[in-house]
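# Results of the structural survey
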Amino acid sequence: MEPMLKKAGVMDTATVVLGFPSGLNVSMELSRNASYGYDQRLEVFGSNGNMCAVENSHKVPMVAGNSAGIHRSGLSYSFPDRFREAYESELDLFADIIEGKATPKVTSHDAVMASRIAEAALQSALKGIPIKLDTAKVPEVAAA
């Protein structure tokens, strides 16, 4: 762990395992230390053995090949580089919601659950034990 991050209480590497009542299991591996750029991939393995992978975003969407091998540009470095379209879409939807043209795609319940999952992951890391969430005890939050 980088000393500066450790001093600030920031974990630079983590593995999160989530289990759901349906039997679905999710494992996430996170690290702030990919020297070649932000490495973000998604792999899904289904009951029929299916897999889907989402590749990393490169600075230039081009691949070149020659006798020395396959060559690509580096990975997109910053959040704005990697998520520009997503941020723009979020702002457009927010404006539409304010103008009454759309409704939020995320509910208050979704937001509460995301916070509870993040807090449970933190407590699990700090205590070194699994944390079980009781989703039945999540109150609905009234819209303002």
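Here we summarise the structure given alongside this text. Predicted model only: the values in this text are computed from it and were never measured.

A word on the overall build of the protein. When helices and strands are tallied, the protein shows 3 helices and 6 strands. Reading the protein from its N end, one meets helices and strands in the order α-β-β-β-β-β-β-α-α. Compactness check: the protein gives a C-alpha radius of gyration of 20 Å against a globular reference of 15 Å for 144 residues, more than 25% above the reference. With respect to the three principal axes, the spread of C-alpha positions in the protein is 60 × 45 × 45 Å. Taking all 144 residues of the protein together, 8% fall into the buried category. Here the contacts in the protein between residues at least 6 apart in sequence split such that 21% fall between residues at least 24 apart.

For the rest of this paragraph, the subject is helix α3 (residues 108-127). The end-to-end C-alpha separation of α3 is 28 Å, in line with the 28 Å expected for 20 residues at 1.5 Å each. Backbone geometry just after α3 places Gly 128 at a positive phi near 75°.

For the rest of this paragraph, the subject is a nonpolar patch on the surface. A surface patch of nonpolar side chains, about 430 Å² in accessible area, is lined by Tyr 38, Tyr 77, Phe 79 and Tyr 87. Tracing the sequence through the fold places Phe 79 in helix α2 (residues 79-98).

Of the pairings in the sheet, the one linking strand β1 (residues 13-19) to strand β2 (residues 25-31) comprises 7 bridges and is antiparallel in character. Paired with Thr 15 across the bridge in β2 is Glu 29. Hairpin connection of β1 to β2: 5 residues between the antiparallel strands, including Gly 23 at a positive phi of 100°.

In this section: the pattern of salt bridges. Under the defined criterion, the tally for this structure stands at 1 salt bridge. Ionic pairing is found between Glu 99 and Lys 101, a salt bridge with its closest N-O pair at 2.9 Å. Each member of the pair, Glu 99 as well as Lys 101, is classed as exposed.

Glancing now at the environment of Val 106. Turning to its location among the elements, Val 106 is positioned in the loop between α2 and α3. Sequence separation of Val 106 and Ala 53 is 53 residues, and the distance between their C-alpha atoms is 25 Å.

Reading the values: the criteria
- Residues numbered from 1 in each chain as written.
- Predicted model: local features only at pLDDT ≥ 70, side-chain atom pairs only at ≥ 80, totals over all residues.
- Heavy atoms only, no water.
- Helix = DSSP H or I, 4+ residues; strand = E, 2+ residues; numbered from the N terminus.
- Rg over C-alpha atoms; globule rule 2.2 N^0.38 Å.
- Buried < 20%, exposed > 50% of the residue type's maximum accessible area, 1.4 Å probe, protein only.
- Contact = heavy atoms within 4.5 Å.
- Expected span 1.5 Å × (residues − 1).
- Patch = residues over 30% accessible without salt bridge, like charges linked within 9 Å, V, L, I, M, F, W, Y side chains within 5 Å.
- Areas by Shrake-Rupley, 256 points an atom, 1.4 Å probe, with all protein chains shown as cover.
- Salt bridge = Lys/Arg side-chain N within 4 Å of Asp/Glu carboxyl O.
- Pairing = 2+ DSSP bridges.

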